[in-house]
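# Observations on the model geometry
Okay, here's what each chain looks like letter by letter:
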Amino acid sequence: MVTLPRPAGSAATAGDAMAVVDADGVVTGWSDGARMLTGHTAQEVHGRPLAELIDGDAEAAWQELRTSGGSVVTVRCRDGRRTDLALRAWALLGERGDTSGYVITATPDDRGRALGDLAFRQSSVSMSVFDTEQRYLLMNDTASRLMGRAEAEFVGRFFPDTVENEEHSRGFVRHLQEVVETDRPVHYESWTRAPSGTRTHAWNTEMWPLRGPAGDLLGVAAAAFDSSEQYWARQRLALLNKAATSIGTKLDVIHTAQELSELAVPRMADFASVDLLDSVLRGEEPSVGAVGADVELRRVAHHSRTAGVPEAAIALGSADVYPPASPPARALATGEVVVTRSGEPGLDIWLARHDSRATRQRESEEYDFSLMAVPLVARGTALGVAVLVRLLTTGSPDPFDEDDVSLVQELASRAAVCVDNARRYTREHTTALALQRSLLPQAMVGQAAVEFASRYLPALSRAGVGGDWFDIIPLSGTRVALVVGDVVGHGIHASVTMGRLRTAVWTLADVDLPPDELLTHLDDLVGHLTADDSQPGGQIGATCLYAVYDPVARHCTIASAGHPPPAVLYPDGGVEVVEVSAGPVLGIGGLPFESTELDLPEGSVLALYTDGLVEARHLEVNAGTATLCSALAAPAGNLDDACDNVLKALLPERPADDVALLLARTRALDADQVAVWDLPSDPAVVATARQRVGERLAEWGLDEAVFVTELVVSELVTNAIRYGGPPIQLRLIRDRALICEVSDASSTSPHLRRARTFDEGGRGLLLVAQLTDRWGTRQAGSGKTIWAEQTLPAD
């Protein structure tokens, strides 16, 4: 056809939409503006009747167009869009009733509205329009795609009837109603699972009211922005923050591994396990072994969300060998995360090698799962591997992706540092404990004054081992010293200080000092240690209780340096706490110590302990001591059972402080085991003393000891008469050894020396030292005692 010039004043602008229609209503021309206006290209509409492009009565539209001379005609396009087009038409051949065609154009303003319609349709944001009754009026292509159906299936329908998620439907409708009721916009966040995907989608939804020209409410528009990336970024950050506070709460390797597995499930996986090298559990430096070799790991933690996950394939505490091709071994060897999925040959071969895993795999063949093996590496050293399993047919249907790998690497890195810290602590704790146990008494023999049982429990807290100790020290005259002490603080320094103090107590006890004098010297020693600049701990504090029991006199002398008082269980079942004079803590210096004297019937049980026992359950000291007395009074078959009763009554499962407990049941020597003679200060009595000693030894059946004993008695009595002063006393004690003691009123102690060739004296004590096993001197309040001990032949 031929297109004629338009009438003056009616020419379309360059950007107008223009369509050329012949007399038969067929489109023969289509401008670029028309394409932008309608969305149809020239190829799509050329040669087609215009009636196919509009809804309604096309003949009526054309009749109105021809008679109105360019009035506005409202048409409805077949794809559902509603558009007001200003259709201006001019007869190409004048005002003849039957024209040969029309030129249809739209003004620029009308084109802007049309482009806005296209923007709504093609927006990447899901947009919908509802009436005031929550029924669909319009929805764009993105909304249709997300809903999985065409717009025609939604228009006119009530929103809840178009979705399956009832909870999501209630929330959406509630906000639509809120906009209608308040006439104000609403913003909220929701979560859905799209039909084409499986991962949870987060949506930021904006709703606002739509008003007509008169301001009346016509409907509600809704735009939903997919904020899944931001949502998952927040979730990952929250998980990392959670890891910072929930992993490594204790310096315990196994507990830390369990915290990692419990954090991963169910947030990231349906099942998680942690396997570590045995050397890590022992606190040693880990070693993976040769590349390409089997790796033996020990299961220390696992956690499962569903019963279908093979939680029991490897029992906790059991070791398993992983072949080089298995994901855990590959992760451990390369230091990289290994991600695999069920059905892959390498994974199936690994699972088939293990009986329990193969069984579990057959039981769960219907499961499709994704597996991730993550190496636990700290400070460049591999400690073990964590395995995460996600079942793709349950609540976590997405396989592990790169985001999951990055997140798990961060979690594993934090967990590995915590595991390594716990390993290092285990090593240091084990070293300190071994040192402390080596400093504690290993075997206590050589005395018959008491029957005893003891317990030492190290602290199971971050503070580490402490400086608690106890001792039983044999003294001269069949006496025994009972010692218990506590160094303030924990760790290696406390253990070393404890060892030094224990050695000092043994040295001072060998001098046979009274308890109060011994603590005075010990206090001076602690002061010297504190003044020593080489001490890393600065001020040293310690408490000590020192008791000496004499089975001949059945008498006990006790002195305390800031230590809890002992308790006594008497043979009649009564229990009391000994009221001792509590001296200052060792190291203060300048303050005196006092001794407390008490008689103990044979069979009495003396309980010495450290403060960790009576304060273990955060009780007041008096309440703890009362509980101790009750536990001592409970029936017990022997002292070991009594120790167990006390610990059970007073200690929690994991004591926070070291505990030392010493129970000693007193014995007494019979009268026929002791012989005592008071001697005058006369040299002539030496012969009488030898005679009496020989007669008593014969009565005891110790004829073979007569010769040596008479020589010892002769020398000691002669020295007492010559250098000492009255009263003079000779005592023989027959126990595990034969003890000869001579006491006098002089405080001057003899000294062993080697006599020169022409000396007339000075050989007596040398002779005594050569003939006996031990000899020594002890001071008393009114003089001294020189003693010598001979070992008796075994029966």
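Here's a quick rundown of the structure.

Analysis parameters
Residues numbered from 1 in each chain as written. Predicted model: local features only at pLDDT ≥ 70, side-chain atom pairs only at ≥ 80, totals over all residues. Heavy atoms only, no water. Helix = DSSP H or I, 4+ residues; strand = E, 2+ residues; numbered from the N terminus. Buried < 20%, exposed > 50% of the residue type's maximum accessible area, 1.4 Å probe, protein only. Contact = heavy atoms within 4.5 Å. Areas by Shrake-Rupley, 256 points an atom, 1.4 Å probe, with all protein chains shown as cover. Phe/Tyr/Trp six-rings, centres within 6.5 Å; stacked < 30°, edge-to-face > 60°. 1 Å grid on protein atoms, 1.4 Å probe; cavity = no way out; pocket = protein on both sides within 12 Å on 5 of 7 lines; lining within 4 Å. Points joined across faces, edges and corners; volume = space filled by probe spheres on them. Nonpolar A, V, L, I, M, F, W, Y, C, P; charged D, E, K, R; others polar. Pairing = 2+ DSSP bridges. Axes fitted to C-alpha atoms, helices over the stretch in contact; angles between N-to-C directions. Salt bridge = Lys/Arg side-chain N within 4 Å of Asp/Glu carboxyl O. Expected span 1.5 Å × (residues − 1). Patch = residues over 30% accessible without salt bridge, like charges linked within 9 Å, V, L, I, M, F, W, Y side chains within 5 Å.

### Some remarks on the overall build of the protein
In terms of helices and strands, the protein carries 21 helices and 32 strands. Residues counted as buried form 48% of the 795 residues belonging to the protein. In the protein, 60% of the contacts between residues at least 6 apart in sequence involve partners at least 24 apart. For the protein, the accessible area works out to roughly 38,200 Å², and carbon and sulfur atoms hold 52% of it.

### Considering the packing of aromatic side chains
In this structure the tally under the stated criterion is six aromatic pairs. Both rings, one in Phe 159 and one in Phe 172, keep their centres 4.3 Å apart while their planes meet at 25°; by these two values the pair is stacked. Note that Phe 159 is positioned in the loop between α5 (141–147) and α6 (166–182) and Phe 172 in helix α6, a separation of 13 residues in sequence. Across this residue pair, the class does not change: Phe 159 and Phe 172 are buried.

### Examining empty space enclosed by the protein
Taken as a whole and assessed by the stated rule, the structure comprises one cavity of 30 Å³ or more. Reported here for the largest cavity is a volume of approximately 50 Å³. As for the largest cavity, its lining consists of Leu 260, Ala 264, Val 374, Ala 386, Leu 388, Val 408, Leu 411 and Ala 412. Mapped by element, the contributors of at least two residues to the lining of the largest cavity are α8 (253–264), β16 (381–391) and α13 (402–439). Sorting elements by how many residues they give to the lining of the largest cavity places α13 first, with three residues. Its residues placed into classes, the lining of the largest cavity shows eight nonpolar, no polar and no charged.

### A closer look at the sheet that holds strand β29 (residues 728–734)
Read across the open sheet, the five strands follow the order β28-β29-β30-β32-β31; overall the sheet is antiparallel. Strand pairing shows two members of the sheet lacking a second neighbour, β28 (674–679) and β31 (774–780), which therefore form its edges. Sheet twist, expressed as the mean angle between neighbouring strand axes with direction ignored, is 15°. Here β31 runs beside strand β32 (residues 783–791); their pairing, made up of seven bridges, is antiparallel. Looking at β32, one finds that Ala 780 is bridged to Gly 783. Contacts from helix α19 (residues 685–699) reach β28, β29 and β30 (737–744), with the element oriented near 170° to β28. Across the face of the sheet, helix α20 (residues 706–723) comes into contact with β28, β29, β30 and β32 while running at roughly 15° to β30.

### A word on the sheet that holds strand β22 (residues 567–569)
With antiparallel pairing, the five strands of this open sheet are ordered in space as β17-β27-β26-β22-β23. Both outer strands of the open sheet, β17 (450–457) and β23 (575–577), are each paired with one neighbouring strand and no more. Pairwise comparison of adjacent strand axes, ignoring direction, gives a mean angle of 15° for this sheet. Pairing geometry for β22 and β23, over three bridges, is antiparallel.

### Re the pattern of salt bridges
Evaluated as defined, the whole model comprises 26 salt bridges. The salt bridge involving Arg 121 is made with Glu 151; its shortest N-O contact spans 3.0 Å. Here the residue Arg 121 occupies a position in helix α4 (residues 108–122), and Glu 151 occupies one in the loop between α5 and α6, the gap between them amounting to 30 residues. For Asp 644, the salt bridge is made with Arg 455, and the minimal N-O distance between the two is 3.2 Å. Highlighted residues: Asp 644 in helix α18 (residues 639–650) and Arg 455 in strand β17, separated in sequence by 189 residues. Classification of Asp 644 as partly exposed rests on a relative accessible area of 38%. What you see here is one network of salt bridges that share partners, running through Glu 285, Arg 379, Asp 420, Arg 423, Arg 424 and Arg 427.

### Section: unusual backbone geometry
The amide bond that connects Val 265 to the next residue, Pro 266, takes the cis arrangement and shows omega of 5°. Mapped onto the elements, Pro 266 comes out in the loop between α8 and β11 (271–276). Here the bond from Pro 726 into Pro 727 is cis, since omega is -5°, no more than 30 degrees from zero. Note that Pro 727 resides in the loop between α20 and β29. Even without being a glycine, Thr 478 presents a positive backbone phi close to 65°.

### Remarks on α20
The end-to-end C-alpha distance of α20 is 25 Å, a good match for the 26 Å that 18 residues give at a rise of 1.5 Å each. Within the span of α20, buried status applies to Val 706, Val 708, Thr 709, Val 712, Val 713, Ser 714, Leu 716, Val 717, Asn 719, Ala 720 and Ile 721.

### What to know about the environment of Ser 124
You can see Ser 124 is positioned in the loop between α4 and β6 (126–131). For Ser 124, a relative accessible area of 66% gives the class exposed.

### Let's talk about the environment of Glu 699
By the secondary structure assignment, Glu 699 is in helix α19. For the pair formed by Glu 699 and Asp 672, sequence separation is 27 residues and the distance between their alpha carbons is 9.9 Å.

### Observations regarding the pairing of strand β26 (residues 605–609)
With respect to burial, β26 is a largely interior element, five of its five residues being buried. Of the two faces of β26, the one carrying Val 605, Ala 607 and Tyr 609 and the one carrying Leu 606 and Leu 608 are both buried. As paired strands, β22 and β26 are joined by three bridges and run antiparallel to one another. When the bridges of β26 are listed, Ala 567 appears paired with Ala 607. Inspection of the sheet shows β26 paired to strand β27 (residues 659–666) by five bridges, in the antiparallel sense. Following the sheet pairing, Val 605 is matched in β27 by Arg 665.

### Quick look at the pairing of strand β15 (residues 369–378)
Within β15, nine of the 10 residues are buried, leaving the element largely enclosed by the surrounding structure. Relative to β15, strand β14 (residues 338–341) runs antiparallel, the two sharing four bridges. Pairing of Thr 340 across the sheet is with Leu 371, part of β15. Inspection of the sheet shows β15 paired to β16 by 10 bridges, in the antiparallel sense. Among the inter-strand pairings, Pro 375 is bridged to a residue of β16, identified as Val 385. The loop that links β15 with its antiparallel partner β16 comprises two residues; one of these, Arg 379, has a positive phi angle of about 55°.

### Observations regarding helix α14 (residues 492–510)
Counted at 1.5 Å a residue, the expected span for α14 with its 19 residues is 27 Å, and the 27 Å between its end C-alpha atoms agrees. What α14 keeps buried is the set Ala 494, Ser 495, Thr 497, Met 498, Gly 499, Leu 501, Arg 502, Ala 504, Val 505, Leu 508 and Ala 509. The elements touched by buried residues of α14 are α13, β18 (466–474), β19 (480–490), α15 (515–531) and β20 (542–550). Count one or two residues on from α14 and you reach Asp 512, which has phi positive near 65°.

### Some details on a nonpolar patch on the surface
Taken together, the side chains of Phe 707, Leu 711, Leu 767 and Leu 771 make up a nonpolar region of the molecular surface, amounting to roughly 350 Å² of accessible area. If you list the elements that add at least two residues to the nonpolar patch, you get α20 and α21 (764–771).

Keep in mind these values describe shape, not function.
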